[in-house]
Each structure stands twice: as structure tokens, then as C-alpha cells.
Amino acid sequence: MSILIVSPGKNLDRWVEALKEADPSVPVYLPEQVKDPADIKFALAWNHPSGFFNHFKNLGGISSFGAGVDHLVKDPQIPDRVTITRIIDPLLSGDMAEFALAVVLKHMRRLTRYCRYQAENQWKKHSYLRVKNVSIGIMGTGMIGHHVANYLLNTGFRVSGWSRTQGKEAAYGKYYGKEQLNDFLKGCNILICLLPLTNATHGIINKHLLRKLPLGAHVINLGRGAHVLDGDLIQCIDEGHISSAHLDVFDPEPLPEDHPFWEHPKIDVTPHVASLTDPRSVAGQVMENYHRLQAGEPLINTVSRDRGY
Ligand code: NAP
Ligand code: GLV
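Being a predicted model, the structure only gives us computed values, none of them experimental.

The rules behind the values
- Residues numbered from 1 in each chain as written.
- Chains lettered and ligands numbered in written order.
- Predicted model: local features only at pLDDT ≥ 70, side-chain atom pairs only at ≥ 80, totals over all residues.
- Heavy atoms only, no water.
- Helix = DSSP H or I, 4+ residues; strand = E, 2+ residues; numbered from the N terminus.
- Buried < 20%, exposed > 50% of the residue type's maximum accessible area, 1.4 Å probe, protein only.
- Salt bridge = Lys/Arg side-chain N within 4 Å of Asp/Glu carboxyl O.
- Pairing = 2+ DSSP bridges.
- Contact = heavy atoms within 4.5 Å.
- Axes fitted to C-alpha atoms, helices over the stretch in contact; angles between N-to-C directions.

Student: What is the right way to look at the environment of Ile220 in this model?
Tutor: Its location among the elements puts Ile220 in strand 10 (residues 217-221). Of the residues examined, Ile220 reaches a relative accessible area of 0% and is grouped as buried. In this structure, the C-alpha to C-alpha distance between Ile220 and Leu194, residues 26 residues apart in sequence, is 9.1 Å.

Student: Before we go on, may I ask you to explain the pattern of salt bridges in this structure?
Tutor: Pairs can form between side chains of opposite charge whenever their charged atoms are close. Throughout the structure, instances matching the rule amount to six salt bridges. Glu239 is the salt-bridge partner of Arg211, the closest N and O atoms lying 3.3 Å from each other. Of this pair, Arg211 sits in the loop between helix 7 (207-210) and strand 10 while Glu239 sits in the loop between helix 8 (230-238) and strand 11 (242-247), and the two are 28 residues apart along the sequence. For the salt bridge of Arg292 with Glu288, the shortest nitrogen-to-oxygen distance reads 2.8 Å. In this pair, Arg292 and Glu288 are both assigned in helix 9 (residues 279-295), four residues apart and thus about one turn of the helix distant.

Student: Please explain the sheet that holds strand 4 (residues 61-64) as it appears in this structure.
Tutor: Adjacent strands of a sheet pair through backbone hydrogen bonds, lying either parallel or antiparallel. The parallel open sheet is built from five strands, whose spatial order is 2-1-3-4-5. Of all the strands in the sheet, the pair left with one neighbour each is strand 2 (28-29) and strand 5 (83-85). The pairing of strand 1 (residues 2-6) with strand 2 spans two bridges and is parallel. Counterpart to Ile3 in the pairing with strand 2 is Val28. Taken strand by strand, helix 1 (residues 13-22) contacts strand 1, strand 2 and strand 3 (40-45), and its axis lies near 160° from that of strand 1. Across the sheet, helix 9 is in contact with strand 1, strand 3, strand 4 and strand 5; its angle to strand 3 comes to roughly 155°.

Now the structure itself:
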């Protein structure tokens, strides 16, 4: 039996190498190399075409390339017998925390403006914000959001988090459920979205939510593009309620060339790079799930298809 890697348009050499390094005895195939689909036991996938997995009759599990599984959960053709798993990796959380801090400081020290001024040979100064005076709210305090919240807290920010359920106690202020969302939003000078994309979170960052943030709040989306209603965000920035935004994820990706986000003076765009999965760091957990499947044991890092994450 073997592992299949599927990610249309992506160079998969580093993934094949990392899996072979993790266990040289397990054959690893790309789609064009599969001779007998019945030989595939486990797959590693990112943005596969819908229905792609229909004819792999012995497939027992599919791992996302990353933390998010929205691209897998949305495919109703993946048979129920197939367990969906995801990546949980300290590097993924650590990289995200560093990116979040970089973006927060860029906003506080007005760095986007100074880049623009340099391009225009302009010598102009602005006031700036200090860490101890800034309150950051994290939507989604799961594996990544919880780490980001603690990292920002340890840097000296006031931090709170919002999640679906109460969960474990934390060193930062915790809010949960729809009932506590407004109270959470009231206290956020900077809002960071690290939610998974599910039916319940699709379009959650809309004008109703944005208007509940304090005047002048800054919005950072590191979750998925479809969390944000693009037109609502632009409207709230243009009306002045939201000061600015940094967006790393979009719907669709790549962000279309004629999308208004590209040119908006108060929106910064990065191409889904906040935290990239390192194949060598995660090959072990993918291989472990392959061996667990072979041994009939329960898989690790599973997700609930009903919950969507
Ligand atoms: P996770 O461990 O599954 O955590 C998800 C968090 O979101 C949990 O705290 C969960 O609440 C909360 N949540 C889910 N549905 C909710 C709802 N309806 N209302 C309120 N809270 C809700 O996920 P993760 O590993 O931290 O990853 C989060 C997301 O980050 C991924 O799904 C992916 O979209 C994104 N991501 C982006 C990048 C990038 O480069 N931009 C990289 C990696 C990941 P409970 O704690 O109550 O379950
Ligand atoms: C990246 O977006 C991930 O979900 O890991």
C-alpha cells in the first residue's frame, strides 16, 4: 500500500523527499504515477478537484497539507469511510505568531505609510501606538490562535480571545459563543481572525461585526478569505470606522488582478504566507497516520466533518 500526494499546480518535490526520508519503505506517488488506484491507502491533499478521490477504493484517510481543512470538508464526494486529518505543528503556530506580531507592529508604527512616503520622496512624521496601550482580540483560539494569543500577551499587549466553546482556562481574557461576541469585540483595537472556515464562520467579518469594534480598529485576517465580506470591509474603512486592514487570505486565491484590495491605500495584502507548512517538520505525523491506518488504529489530528474543523 502507498501514499498519494495531490496538490494541482504545486511543486511537490520537497514533500515527496520529506515523506521518503520519514520512512523509505513506504511508496509515495503523485497522481500521474499511480498505476493501481487500489494501492492507495492514505493521501495528502490541498485543493484537489472535487470527486478526485472517488475511485480510490482502499483509501482510508486524507491529511490536509496544513491546519485548515475547508478544502476537504467541502467535497461531499469524499466517502464517509475516509477519515480527514490535519496538520498540527509547533512551527506552524510559531511562524504565525511571528507574522501576527510583525503585522501588528507595522500598523502601530505606521510603516505602510512610510514605505509610501519613501516612494514619493516625502519627509512626514506621524504619532504611533505603544504596546502597553493596545488591546488585541483573537477570533479562534485553537492550536494556532492560542499560541498567537500567548505570544502577544508575553510581548506586553492586552489580549483576549473568542472561540466556539469555553475550553480550557488561559492567561488571556476568554470569550466564547455568539452571546459573548459583542463584549469581545468592544475591547479590540486590533482584531486578528484565526478561525477555521466553516458554515458558521463564512462571512463572519461583515459590516455588522466591524461596526461593533471600537472606532479606528485595525483588522487582520489570517484565517481564510471567505471569513471577510470584501465589500463590507471596504465600506467600513471608507466610512472611517475601521482604520485599516492587513489581509493574508482571499476568496478566491490568487486575489484577482482587478480586485479593489490591491489598490486600496488602507489595505495591505500578502499572498497567503503568514505560516507555511514545512514538509520536513510534518512528514512524521503524516507517516504515523499511514501506519495507524495499516494497523487499524485510530488516527491522530482528526477533524469533525460535521463541525467543519
Ligand atoms: P483549530 O485548532 O481547529 O482552532 C479553531 C478555533 O476556532 C477554535 O478555538 C474553535 O473554537 C474556534 N471556532 C471554530 N468555529 C467557531 C465558531 N463558529 N465560533 C467561534 N469560534 C470558533 O485551528 P488552528 O489549527 O488554530 O487553525 C485555524 C485556522 O488558521 C485554519 O483553519 C486556517 O484556516 C488558518 N491558517 C492560516 C494560515 C495562513 O498562512 N494564513 C496558516 C495556517 C492556518 P473551540 O476552541 O471552541 O473549538
Ligand atoms: C494554511 O493556510 C493552513 O491551513 O495551514
